[in-house]
Amino acid sequence: MDRSLPGGARGILHPRTGLERFRVERSAPPPGLAPFVDRFWVLRWDLRGRAPHRQRLLTLPSVHMTFTSYLNSGATRARIAGVVRDEFVEELPDEGCVVGVGFRPGGFRPFLPDGVPVSAFTGRFAGVDEVFGQDGLALAREIFAAPGPGEGLASLTGFLTGLRPARDPSAERAAAIVERIAARPGLLRVDELAADAGLSPRGLQRLFHEYVGVGPKWVIRRFRMAEAHERAASGSDVDWARLAAELGYADQAHFIRDFTAAIGTSPARYAREAGPERGAGSEHEAGPGTIDA
């Protein structure tokens, strides 16, 4: 994928406008969590005296667990966000901070009880106690009581490490297939993907239901849109007909319809609105590509 957006701001629509209002820092997991966790991250914002910021996101197939503190009101929120298939908008009011973890595709399944698929969380938010019980609530209290987000992140990392999740070959197979989708922009057919992975289309569907939370067709389409979004927001000239062909579309009109449905506006208009002049001079560092619920 194109990495020319500031800091690799994947999934943040109109990223340069958003990054004037918030800051995201991310860190890699320790080796023991690398098979399960894509990244840990901290989001901070300070909009005191300003209107709340509403950030629209293009979500990817990842489960997140987040701990949000609204600093002036004292309110807190701890939850698990399953894969969001439709539009996701996060409102950032006043001043606050989020400590979060994004799991690899398939990487959340080893933390779930036997028989519970990742798809059980798709399109919804769950309390941390739904998966982690009273230990999850105790973790939330510890993170919210921490003197800063760095200490909160250390608590979250230590908690997941202490659970000693067992590696699951099926989860890692699902993650590898998702990575294959991301790396092959011209791939649009589920049957082609299934054959490449050595599975039947139905077997691939079952694997994604259990471990990813959404079907392979959705994942393929979403990564194609993520690629198109990054190209459009990069500030470089884009040949839309050529890009449509690169992404496997038979015609440019079909690509424009899909882009408009996912992003909310046509690719040419989005490129004008999200061009580099919107973020000139910004010193903020972008993060993981979702503000993450």
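Everything that follows concerns the structure shown earlier in this document.
All figures in this text were calculated on a predicted structure; none of them were measured in a lab. (Residues numbered from 1 in each chain as written. Predicted model: local features only at pLDDT ≥ 70, side-chain atom pairs only at ≥ 80, totals over all residues. Heavy atoms only, no water.)

> So what's going on with the pairing of strand β7 (residues 95-103)? Residues and values would help.
Most of β7 is tucked away, with nine of its nine residues classed as buried. Neither face of β7 is open: one carries Glu95, Cys97, Val99, Val101 and Phe103, the other Gly96, Val98, Gly100 and Gly102, and all of them are buried. In the sheet, strand β2 (residues 37-46) pairs with β7 via nine bridges, with the strands oriented antiparallel. Residue pairing across strands places Arg44 opposite Cys97, the latter belonging to β7. As defined by bridge partners, strand β4 (residues 64-70) adjoins β7 across seven bridges and the pair is classed as antiparallel. Bridging from a neighbouring strand, Ser69 pairs with Cys97 of β7. (Buried < 20%, exposed > 50% of the residue type's maximum accessible area, 1.4 Å probe, protein only. Helix = DSSP H or I, 4+ residues; strand = E, 2+ residues; numbered from the N terminus. Pairing = 2+ DSSP bridges.)

> Run through the nonpolar core, naming residues and quoting values.
By size, the foremost hydrophobic cluster in this structure holds 40 residues, and its most contacted members are Ile181, Phe208, Val219, Phe255, Phe259 and Tyr270. Within the residue set of this core, elements represented by two or more residues are α4 (169-183), α5 (190-197), α6 (201-211), α7 (216-233), α8 (240-246) and α9 (252-263). Here this core takes nine residues from α7, the largest share from any one element. Non-local contacts of Phe208, meaning those with residues more than four positions away in its chain, are made with Ile177, Val178, Ile181, Gly213, Val214, Gly215, Pro216 and Val219. (Core = buried A, V, L, I, M, F, W, Y, C linked by side-chain atoms within 4.5 Å. Contact = heavy atoms within 4.5 Å.)

> Give me the side chain of Thr122: which residues, what numbers.
For Thr122, the position within the fold is in the loop between β7 and β8 (125-127). In terms of polar contacts, Thr122 uses its side chain to reach the backbone carbonyl oxygen of Gly213, at 2.5 Å. Setting aside residues up to four positions removed in sequence, Thr122 forms contacts with Gly82, Val83, Arg85, Gly213 and Val214. (Polar contact = N/O pair within 3.5 Å; in protein donor to acceptor, adjacent residues only side chain to side chain.)

> Can you lay out the environment of Asp46 for me, pointing to particular residues and giving the numbers?
Considering the arrangement of structural elements, one finds Asp46 in strand β2. Classification of Asp46 by relative accessible area gives partly exposed; the value is 38%. In the structure, Asp46 is positioned 48 residues away from Asp94 in sequence and 6.1 Å away in space, judged by C-alpha atoms.

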